[in-house]
Amino acid sequence: MTSTDYANPYRPAPIRIFNRLGRASQQLGLAGRLEVGWLIAAARRKTGLADVGDDRHLPALHTLVDSINDEARLTATGRLIQRSRLVAALVTRLRIQELLRRRPEIRQIDLGPILLIAGLHRTGSTLLQRLLDSHPGIGGITGAEVLNPVPTLDDPERGERARARHAVLAKRAFAYLAPEFKAIHPVDHAEPEEEVLLLDLTFMCPSAEATMHVPSYARWLEGQDFSWTYEYFQQVLRVLHWQRPRRAWVLKAPQHLEHLDAFRRVFPDAAIVQTHRDPRRAVASFCSLVAHARGMLSDHVDPLEIGRHWLQKTRRMVQRAMRAREAAEDRGFIDVSYYDLTAAPSAELRRICARAGIAFDGEAERRAERCLAANPQNRFGKHNYRLEDFGLSERAVDAAFSSYRAEHSIPFENESGQVAAAPLIQARSG
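Numbering of residues begins from 1 in every chain and follows the order in which that chain's sequence is written. Residues qualify for local features only when their pLDDT is at least 70, as the model is predicted, and side-chain atom pairs are given and counted only at 80 or more; totals for whole chains, interfaces and linings, by contrast, use all residues. With hydrogens and water stripped out, all remaining heavy atoms of the structure feed into the side-chain values.

Moving on: the overall build of the chain. Regarding its fold elements, the chain presents 21 helices and 6 strands. With C-alpha atoms as the basis for the radius of gyration, the globule rule is written as 2.2 Å multiplied by the number of residues raised to the power 0.38. On C-alpha atoms alone, the chain measures out to a radius of gyration of 21 Å, which is about the 22 Å that the 2.2 N^0.38 rule sets for 430 residues. By its C-alpha atoms, the chain is 60 × 50 × 40 Å across when sized along the principal axes. Each residue's exposure class comes from its accessible area (1.4 Å probe, protein chains only) as a fraction of the maximum for that residue type: buried when under 20%, exposed when over 50%, partly exposed otherwise. In the chain, which comprises 430 residues, the share counted as buried stands at 54%. In the chain, of all internal contacts separated by at least 6 residues, the share reaching a separation of at least 24 is 81%. In the form shown here, the chain has an accessible surface area of approximately 19,200 Å², with 51% of it arising from carbon and sulfur atoms. To qualify as a helix, a DSSP run of H or I must reach at least 4 residues; to qualify as a strand, a run of E must reach at least 2; elements of each kind are numbered from the N terminus. Only heavy atoms matter for contacts: two residues are in contact if any of them lie within 4.5 Å across the pair. We get accessible surface area from the Shrake-Rupley algorithm with a probe of 1.4 Å; when it comes to residues, only the shown protein chains can shield them.

Salt bridges are counted wherever a side-chain nitrogen of Lys or Arg sits within 4 Å of a carboxyl oxygen of Asp or Glu. Evaluated as defined, the whole model comprises 36 salt bridges. With its nearest N and O atoms 3.1 Å apart, the salt bridge here joins R85 to D200. With R85 in helix α4 (residues 76-102) and D200 in the loop between α9 (196-199) and α10 (207-211), this residue pair connects regions lying 115 residues apart in the sequence. For D200, a relative accessible area of 7% puts it in the buried group.

Another point: the confidence of the model for the chain. pLDDT is a residue-level measure of predictor confidence that goes from 0 to 100. The pLDDT averaged across the chain works out to 91; a share of 95% of its residues lies at or above 70. Here residues 422-430 scores under 50 on pLDDT; set against residues more than four positions off or in separate chains, the count is 9 contacts.

A few words now on the packing of aromatic side chains. Centres within 6.5 Å are what make two rings of Phe, Tyr or Trp a pair, Trp counting through its six-membered ring; a difference in plane orientation under 30 degrees is then read as stacked, over 60 as edge-to-face, and the rest as tilted. Per the counting criterion, the structure on display carries 10 aromatic pairs. When the centroid spacing of 6.3 Å and the interplanar angle of 65° are considered together, the rings of F401 and Y404 count as edge-to-face. Across this residue pair, the class does not change: F401 and Y404 are buried. Three or more aromatic residues link up through ring pairs in this structure, and these residues are Y230, F233, F263 and F267. R83 extends its terminal NZ or CZ atom over the ring of W38, reaching a point 5.8 Å from the ring centre. Whether a charge sits over a ring depends on NZ of Lys or CZ of Arg being within 6 Å of the ring centre and within 35 degrees of the ring normal.

Taking 1.5 Å of rise per residue, the 22 residues of helix α7 (residues 156-177) would be expected to cover 32 Å, and the 31 Å separating its terminal C-alpha atoms lies within 8% of that figure. Along α7, the residues classified as buried are G159, R163, A167 and L177. Projected onto a plane normal to the axis of α7, the buried residues spread over an arc of 100° and lie on a single side. Facing away from the buried side of α7, by more than 90 degrees, are the exposed residues E157, R165, L169 and R172. In this analysis, the expected span of each helix is defined as 1.5 Å times one less than the number of residues it contains. To obtain the arc, one takes the directions from the helix axis to the C-beta atoms.

Attention shifts here to the nonpolar core. What is meant by a nonpolar core is a set of buried Ala, Val, Leu, Ile, Met, Phe, Trp, Tyr and Cys residues, joined one to another through side-chain atoms within 4.5 Å. If you look at the biggest cluster of nonpolar residues, it comprises 102 residues, and the most contacted ones within it are I68, L86, M212, Y230, L260, F267 and F401. Broken down by element, the residue count for this core peaks at 10 residues, all from helix α14 (residues 279-297). Sequence-distant contacts of M212, that is, excluding residues within four places in its chain, are made with L64, I68, A72, L74, Q82, R294 and L297. Counting residues in hydrophobic clusters, the runner-up holds 21 residues, among them A248, L341, I352 and I358.

Below is the structure:
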C-alpha cells in the first residue's frame, strides 16, 4: 500500500547524502540557478546542431525556468533531473528541426485516424489506452518513443538500440527514486505512455505543475493559446509516424481536456474519447500522484497546497471541456464511464471502435483479453489516497463538479469502489 506521509518523501541513502551536499553548496552560494542560455548552449554542444526552430517556445521556457528557480525549492537531485530534462527537450527540438530540414516530406505525412483519450486523471484512461493499443489496427506512442522521439539522425538501428537503453535506464532510475510510484501509475517503456513529454517540447505543458511547485508558471500558462503547441505536436507525430507508421493512433493525456478547442483546430477529424469517474475519487487519487511526484524532486511537499491547486485546476479543465463540447455540438465525442469500462471492457472497446469507424473483430478481442490479463488492477500494490489528506472534503468536490456530474450522469463511488444510484438521481434532478 502506498504511503500517505507526503510531507516526508522516501529517499534512498545515497540520494539523501547527495541532497545534503547540495544544500551545503546552496548555503555557500555554489549551486547555480538554471539559465536558459546555458541550457540551449548545452543542447547545441551535445548535438552539434544550432536550429531549435522558431522562438515561440522561448517565453514559456523563460517563465518555467524563472518559476523553478524562484519557487520550486528543488533538492540537488531535483535540480539535476530538471536540468537534464530541459536539455533533453532542447536536444529533441534540435534533432527534429534537422530531420525536417533533411526530409521535408515528413511535414506532409497524413497521420490517418486519431483517437484522443481525454478525461480527468485517474478515470481509467491508462487502461483504455493500453486496450486500444492492443488492437492490431491502432498504435500508441511507447514510453521509449516519448522519452526519445529522435534517438539519432544517421543510423536507425543504432538509434533504436539507444532508445531502448535510454528507456530501460530511465525506468530503473524512476523505480529507484520512487519505488511506490508504479502502484500509482505503472510505467513500461514498451507500453503506450502519455505524450506529456512531447507536449513539453514547447515548454507549454501542465506536467511541470504536477511535478513541482511552480505557481507563477501555472498562472501564466492559464492565459496562453495552445494552438501552436498542438501544431508543433502534430509535427512530432509525423516524425514518429515516419519512423514507425500507424494505421490509426491512440493518444492520451489528461492535459488535453483543458485545451480541446485548440486540439480540435489542429486535429479536426479526431475522435475524442472522454472518460468519466466520480470526481471525489479522481481528484483524491491525482492529488496523491502529484504529492508522490513532487516528493522525488523536493523536500517541501505541501499536501494542502496541492489540494487547493488541483481542485481548482481540475474544475477548470472540465468546465473548459464542457464549453468546447458545446461549441462542437458534441460532434466527434465518445463518452466512456469508468464503471462500464471496468465492468465490461471488451464491450466498451467494441462500442468505441464502432463509433470511430474502426473494425473490431475476433483478433482484436483476443488481444484485448491478453492485455487485460497482463494488466490486472493493483498488480504493483494498492494505491492509498483520501481527500482529507489534501484538506479537501466530499462537499467541496461535489460543489466544484456538480454541473459536470449531472451533465454526464456520473454516480458517487465509495472507497470500496461501489457506486450508489440514489445520489446520482438527486444530482441530475438538481
